Amino acid sequence: MIDAKILVVDDTKSVLSALEILLQFEYKSVQTISNPNLLTSFPNLQEIDIILLDMNFSAGVNTGNEGLYWLREIKKKASHISVIMMTAYGAVELAVEAIKEGATDFVLKPWNNERLLTTVKSAYELRKSQKEVQHLKQKESNLKQVINQNSNYIIGNSKALNSVLNLVQKVAKTDVNILVTGENGTGKELIARELHKSSVRNNEVFISVDMGSISENLFESELFGHVKGSFTDAKEDRAGKFEAANGGTLFLDEIGNLSLQMQAKLLSVIQNRVVVRVGSNKSIPVDIRLICATNCNLDQMVAEGLFREDLLYRINTIQVQVPALRDRDGDVLVLSDFFLKKFANKYGKPSLKINQSAQEKLMSYPWPGNVRELLHTMERAVILSEGNILKPTDFLLDTKTTVSLEGGPKTLEEMELVMITKALHDHDGNYSAAADQLGISRQTLYNKLKKSSK
Ligand SMILES: Nc1ncnc2c1ncn2[C@@H]1O[C@H](COP(=O)(O)OP(=O)(O)OP(=O)(O)O)[C@@H](O)[C@H]1O
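Parameters and conventions
- Residues numbered from 1 in each chain as written.
- Predicted model: local features only at pLDDT ≥ 70, side-chain atom pairs only at ≥ 80, totals over all residues.
- Helix = DSSP H or I, 4+ residues; strand = E, 2+ residues; numbered from the N terminus.
- Buried ≥ 20, exposed ≤ 12 C-beta atoms within 10 Å, placed from the backbone.
- Contact = placed C-beta atoms within 7 Å.
- Axes fitted to C-alpha atoms, helices over the stretch in contact; angles between N-to-C directions.
- Parallel < 35°, antiparallel > 145°, perpendicular 65-115°, else oblique.
- Left-handed = near helix turned anticlockwise from the far one by under 90°.
- Nonpolar A, V, L, I, M, F, W, Y, C, P; charged D, E, K, R; others polar.
- Pairing = 2+ DSSP bridges.
- UniProt positions renumbered as here; feature names shortened; annotations may be inferred.
- Core = buried A, V, L, I, M, F, W, Y, C linked by C-beta atoms within 7 Å.
- pLDDT = per-residue confidence, 0-100.

The name an unreviewed UniProt entry gives the protein chain is Sigma-54-dependent Fis family transcriptional regulator, with Maribacter hydrothermalis as the organism.

So this is what it looks like as structure tokens:
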């Protein structure tokens, strides 16, 4: 039994009962009315999927005008309904006219049962796929909202940061490729998201890919997609990040971490703006705005033969250099105030304040891990705090301080964060040395930090 609601409108009672009997065998709900004037006030008209509509109602009139009139009325009230016109006077012009006005199909009376059922079935299939498209569009728009909402405000009012934000506003509306450079944790991804938010693509997706965490053998599949069976784990066709970002912005983070071989593959796609999924030979055009980011000195890498010069030219039409936190006058205080409020609320300590000597300690520290390090330092201080005032000793900015567990972290995740930030401080922000001390890889350390700062 097909789960669709059908309404038959005809002024001949025998037509109504014949169609009702015929359609009831296949469709869950079949209703009939003999007076078209009841159509617009028909209860639950919005729930009807298909209407079979007679073209002529008044006896002796067969111009089809009445049917066309009621077709327009239905479309005005419920444009989603598939309307099949029925007429005993099968004029092709009338059929064309009705279809132009939005009818789905046309049936001649007397009808052939099998042909009529096929016509109704096709109208049902059409309605079903329209519903699916509608559902997918809704889902897509919800997904876009979720993906794009992962963007925070850029806090700070230093001259150095403001000139970066000015440049961002100038170039955001253009579609040029942008390279965002700066030390780890300066906010490069935040800047890339701001570029997207201020661009004409802001209703589309922002897809971020960490090139540092993609292995050589999964690179192509991750970025360009694959077809089912192209390698052992390819259980189904999958679009890569380029396709997923189509219409929007693709952010390639840690671009300096790519091997020369991966660089060559990336260059070809950026040049040609088409991808070919692994295992396929079909070219798929992609329309993306490309933003790359790195903390490496790519010019120096080019000189050392580690980065392709032609790729660098492609990706850095405009370069946005994000300043280190120590070069942003006043931002440490503004940011620490912001993070203090954020974490004080998160950890249920809303009256927590910071005293002046603690602020001075924060201002005099060089912040090798930049904003991310300040964020973690603040989070850890809030977790470990015991009173209502944060003092200099609450901030682990020197290597001799030890972690006290009393009144401290309550979850494994919080404990992990405390240990990671302590290890980073112990090694002056050197990720490799901190990872060594913790017995994890640099990438794992990095991923954990990124995850907890999201
Ligand atoms: N100006 C800022 N205002 C508020 N939060 C910031 C600011 N800059 C950075 N952050 C926060 O600091 C963290 C690190 O920022 P982000 O990931 O953008 O830095 P990044 O330079 O891309 O880092 P990496 O080089 O490690 O990829 C994020 O949680 C981000 O929200």
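Next, the rest of the story.
> Before we go on, may I ask you to explain the overall build of the protein chain in this structure?
If you tally the helices and strands in the protein chain, you get 17 helices and 14 strands. Scored against the burial criterion, the 454 residues of the protein chain give a buried share of 35%. In the protein chain, 71% of the contacts between residues at least 6 apart in sequence involve partners at least 24 apart.

> Whenever I open this one, the packing of helix 5 (residues 159–172) against helix 6 (residues 188–197) confuses me. Can you help?
In contact at an axis separation of 9 Å, helix 5 and helix 6 are set at 40 degrees when each is read in the N-to-C sense. With respect to helix 6, the element helix 5 is oriented oblique. When you trace helix 5 past helix 6, the crossing you get is right-handed. Here V164, V168 and A172 of helix 5 lie close against helix 6, whose contacting residues are I191, E194 and L195. Partitioning the contact of helix 5 with helix 6 into residue classes produces 5 nonpolar, no polar and 1 charged.

> How do you make sense of the sheet that holds strand 1 (residues 2–9) when you look at a structure like this?
Sheet strands pair via backbone hydrogen bonds, and the direction of the pair is either parallel or antiparallel. Taken together, 5 strands build an open sheet; the order of strands is 2-1-3-4-5 and the sheet is parallel. Looking at strand neighbours, the two that pair on one side only are strand 2 (27–33) and strand 5 (105–108), the edges of this open sheet. On average, each strand axis in the sheet is inclined to that of its neighbour by 20 degrees, with strand direction left out of account. Running over the sheet, helix 2 (residues 65–77) touches strand 3 (50–54) and strand 4 (82–87) and is turned about 155 degrees from strand 3.

> So what exactly am I meant to see when it comes to the packing of helix 12 (residues 331–346) against helix 13 (residues 356–364) here?
Packed helices, taken two at a time, are described by the angle their axes make and the gap between the axes. One can describe the packing of helix 12 onto helix 13 by two numbers: an axis separation of 9 Å at closest approach and a directional angle of 125 degrees. In this view, helix 12 runs oblique relative to helix 13, as classed from their interaxial angle. The handedness of the crossing between helix 12 and helix 13 comes out as right-handed. Across the interface between the two elements, V332, L333 and S336 from helix 12 touch Q359, L362 and M363 from helix 13. Residues that form the contact of helix 12 with helix 13 fall into these classes: 4 nonpolar, 2 polar and no charged.

> Is there a simple way to explain the pairing of strand 11 (residues 289–294) in this structure?
A regular strand places its side chains so that they alternate between the two faces of the sheet. With 6 of its 6 residues buried, strand 11 lies for the most part within the structure. What you see with strand 11 is no split at all: R289, I291 and A293 on one side and L290, C292 and T294 on the other are buried throughout. Both strand 6 (residues 178–181) and strand 11 contribute to a ladder of 4 bridges, which runs parallel. The partner of I178 across the bridge, within strand 11, is I291. With 4 bridges joining them, strand 8 (residues 249–253) and strand 11 adopt parallel strand pairing. Residue L252 lies in a different strand from strand 11, and its bridge partner there is C292.

> I would appreciate a short explanation of the sheet that holds strand 12 (residues 318–321) in the present structure.
Strand order in the open sheet formed by 5 strands is 7-8-11-6-12, and the pairing between neighbours is parallel. Only two strands of the sheet have a single partner each, and these edge strands are strand 7 (206–210) and strand 12. Adjacent strand axes in the sheet meet at a mean angle of 20 degrees, parallel and antiparallel pairs treated alike. The pairing of strand 6 with strand 12 spans 4 bridges and is classified as parallel. Bridging across to strand 12, T181 finds its partner in Q321. Helix-sheet contacts for helix 6 involve strand 6, strand 7, strand 8, strand 11 and strand 12, and the interaxial angle to strand 11 is about 165 degrees.

> For this particular structure, what's the right way to read the UniProt feature "modified residue: 4-aspartylphosphate" (unreviewed entry) in the protein chain?
The UniProt feature table records "modified residue: 4-aspartylphosphate" (unreviewed entry) at D54. Note on placement: D54 falls in strand 3. Here D54 falls in the buried class, since 23 other C-beta atoms lie within 10 Å of it. D54 has contacts with V9, D10, D11, G67 and M86, leaving out every residue within four places of it along the chain.

> What exactly am I supposed to notice about unusual backbone geometry here?
Trans peptide bonds make up the majority, and among non-glycine residues the majority have a negative phi. For the bond from K109 to P110, the omega torsion is -5 degrees, close enough to zero to count as cis. Assignment of secondary structure puts P110 in the loop between strand 5 and helix 4 (113–148). Despite not being glycine, W367 shows a phi value in the positive range, around 50 degrees. W367 gets classed as buried once you count the C-beta atoms within 10 Å, which come to 25. Of note, N370 is a non-glycine position whose phi angle comes to about 55 degrees, a positive value. With respect to the secondary-structure elements, N370 resides in helix 14 (residues 370–384).

> What exactly am I supposed to notice about the nonpolar core here?
One recurring pattern in soluble globular proteins: nonpolar side chains tend to sit buried together. V180, I191, F242, L250, F251, I291 and C292 are the most contacted members of the largest nonpolar core, which totals 41 residues. The contact partners of F251, leaving out residues within four places of it in the chain, are E189, A192, F206, I207, S208, V209 and I291. Membership of the second largest hydrophobic core comes to 31 residues, among which are I51, L71, I81 and A123.

> How should I be thinking about the environment of G156 in this particular structure?
You can see G156 is positioned in the loop between helix 4 and helix 5. The spatial distance from the C-alpha of G156 to the C-alpha of D329 is 9.3 Å, given a sequence separation of 173 residues.

> Sorry, what's going on with the confidence of the model for the protein chain here?
Residues shown with low pLDDT carry predicted positions that ought not to be read at fine detail. Mean pLDDT over the protein chain: 88, with 92% of residues reaching 70 or higher. Helix 17 (residues 442–452) is the least confidently modelled element of the protein chain, averaging 75 in pLDDT, while strand 6 averages 98, the highest of any element. Low pLDDT, under 50, characterises residues 398–406; the stretch is placed with 6 contacts to residues that sit more than four places away or in other chains.

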